[in-house]
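Descriptive structure summary
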Amino acid sequence: MIRRLFGPIAALATLAVLGSAGGATAAWMASASVSASASSTTIAGTVQLTGGLTTTYRADTSTPAVAAGQLTIANTGGAPLSYALATQLGTGSSSALAGKIALRLWTGTACGTTAPGTAESTTLANAAPALPAAARTLAPGASVVVCVATQLDTQSPSSLAGQALTATFAVRGAVGTSWTTTATTAAFSQSVYGLAAAGNPTCVQAPPHGVQLSWNAPANRSSGATLQYRVVDKSNVVVKEVSSSAAVVSVVLGATDIAADGVHELRIVATEKTASGTASSDSSALSVRRTAVGNANIKYECVMP
């Protein structure tokens, strides 16, 4: 996009004639020179994002992986331009996650994932990150490669699991404040791995006095992985636990699995059996009623929604 603002030439010319100080005349000549340069050529630029910035991090590792890419900025017009960078988050993106992803920018011929100590350092939440000094101005026809590296903060809270964002970079080239051009990259996406919730929990009667709860294993579990499942109530008290590698998992509730009479809202939480023990979010809820007859015969019933 090119934006042109024309100053009142007659007023500036009058200032040059009437001004008694040489500085006024010098100011007019400088203004006329910039205007003539901008008006007689095209103000244009491009930016392209390549590499592997689209990634999924794991928050449960001591050193999350680095995602790397590069921005190629080119001045395709006929006037020298000064450049600024902008980061734009897409609709629905997690701003909390953006604030925990480090962003490093530097110039070089071989980018890689290791940023030098001189790299500009901020986060993806910064809407106007600083470009490296070598990328802030470009002569007509010149281009520059800006190396980009992102990494999840090692102190990121577990609450970020499952959160995601999309983002684009935009560069704005300008001659002063009157002539500008903007170019935007394609979007990239980043997220934090989270074990999906157990799916489709159901309840059926299990004669003579119990109920059977069943559910699907999380959709994104590792193939064949054994997961630990906890059936919990609204207070996160564990009612039943089971380990299984099956695609569909079931447990039977009976006897004193639930301590008190009444209707109990239950959910299933899955946990990976690894050192990090990544836990899923809660499944959707189902309800079970427990009643005791004469403090001896305990009965369970599925409560339909």
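These notes cover the structure that comes with them. (Residues numbered from 1 in each chain as written. Predicted model: local features only at pLDDT ≥ 70, side-chain atom pairs only at ≥ 80, totals over all residues. Heavy atoms only, no water.)

**Focus on the pattern of salt bridges**
Under the convention used in this document: What makes a salt bridge here is a side-chain nitrogen of Lys or Arg within 4 Å of a carboxyl oxygen of Asp or Glu, nothing more. A run of H or I in DSSP counts as a helix once it spans at least four residues, and a run of E counts as a strand once it spans at least two, with each numbered from the N terminus.
Enumeration over the complete set of coordinates arrives at seven salt bridges. For Arg 136, the salt bridge identified is with Glu 120, shortest N-O distance 3.0 Å. Note that Arg 136 is positioned in the loop between β6 (120-123) and β7 (137-138) and Glu 120 in strand β6, a separation of 16 residues in sequence. Between Glu 301 and Arg 289 there is a salt bridge; the shortest N-O distance is 3.9 Å. On the criterion of sequence distance, the pair formed by Glu 301 in strand β19 (residues 297-303) and Arg 289 in strand β18 (residues 286-293) is long-range, its members being twelve residues apart.

**Quick notes on the side chain of Arg 290**
To keep it simple, the criterion reads: Burial classes: relative accessible area under 20% of the type maximum marks a residue as buried, over 50% as exposed, and values in between as partly exposed (1.4 Å probe, protein chains only). What qualifies as a polar contact is a pair of N or O atoms within 3.5 Å, subject to a donor-acceptor requirement within protein and to the restriction that residues adjacent in sequence count only when both atoms come from side chains. We call two residues in contact when some of their heavy atoms are within 4.5 Å.
Topologically, Arg 290 is positioned in strand β18. Residue classification places Arg 290 among the buried positions, given a relative accessible area of 8%. Within the structure, the side chain of Arg 290 is placed 2.7 Å from the backbone oxygen of Ile 258, a separation counted as a polar contact. Apart from residues lying up to four places away in sequence, Arg 290 is in contact with Ala 255, Ile 258, Ala 259, Ala 260, Asp 261, Gly 262, Ile 298, Lys 299 and Tyr 300.

**Considerations on the nonpolar core**
What counts is decided by this rule: Here, nonpolar core refers to any group of buried Ala, Val, Leu, Ile, Met, Phe, Trp, Tyr and Cys residues whose side-chain atoms link them within 4.5 Å.
Counting 35 residues, the largest nonpolar core has Leu 71, Ile 73, Leu 124 and Phe 169 as the members making the most contacts within it. If one sorts the elements of this core by residue count, strand β9 (residues 164-175) sits on top with five residues. Ignoring sequence-local partners within four residues, the contact set of Leu 71 consists of Val 47, Gln 48, Leu 49, Leu 85, Val 144, Val 145, Val 146, Val 148, Phe 169 and Thr 185. Formed by 24 residues, the second largest nonpolar core is a distinct cluster that contains Tyr 193, Leu 213, Trp 215 and Ala 270.

**Some remarks on the sheet that holds strand β3 (residues 66-75)**
The criterion, for reference: Should DSSP find at least two bridges between two strands, the strands are taken to pair. Each axis is a line fitted through C-alpha atoms, taken for helices only over the stretch in contact, and angles between the N-to-C directions span 0 to 180 degrees.
Read across the sheet, five strands follow the order β1-β3-β8-β5-β6 without closing on themselves; strand pairing throughout is antiparallel. Pairing within the sheet leaves two strands with one partner each, and these edge strands are β1 (45-51) and β6. With strand direction ignored, the average angle separating the axes of adjacent strands in the sheet is 25°. Both β1 and β3 contribute to a ladder of seven bridges, which runs antiparallel.

**Describing the pairing of strand β14 (residues 227-232)**
In this sheet, strand β15 (residues 238-244) lies alongside β14 in antiparallel orientation, the contact comprising six bridges. Residue Leu 227 lies in a different strand from β15, and its bridge partner there is Ser 244. A loop of five residues connects β14 with β15, the two strands running antiparallel in sequence, and Asn 236 in this loop sits at a positive phi of about 65°. The pairing of β14 with strand β17 (residues 262-272) spans six bridges and is antiparallel. Bridging across to β17, Leu 227 finds its partner in Glu 272.

**A look at unusual backbone geometry**
In this chain, Pro 207 is followed by Pro 208 through a cis amide linkage whose omega measures 5°. Note that Pro 208 resides in the loop between β12 (199-206) and β13 (210-216). A positive phi is found at Asn 200, a non-glycine position, where the angle reads about 50°. Looking at the element boundaries, Asn 200 is found in strand β12. For Ala 255, which is not a glycine, the phi torsion comes out positive at approximately 50°.

**Some words on the environment of Leu 89**
Checked against the element boundaries, Leu 89 lands in strand β4 (residues 81-89). Using a relative accessible area of 35% as the deciding quantity, one classes Leu 89 as partly exposed. In this structure, the C-alpha to C-alpha distance between Leu 89 and Thr 168, residues 79 residues apart in sequence, is 6.7 Å. Every residue in contact with Leu 89, bar those within four places of it in the chain, is listed here: Ala 98, Leu 124, Thr 166 and Ala 167.

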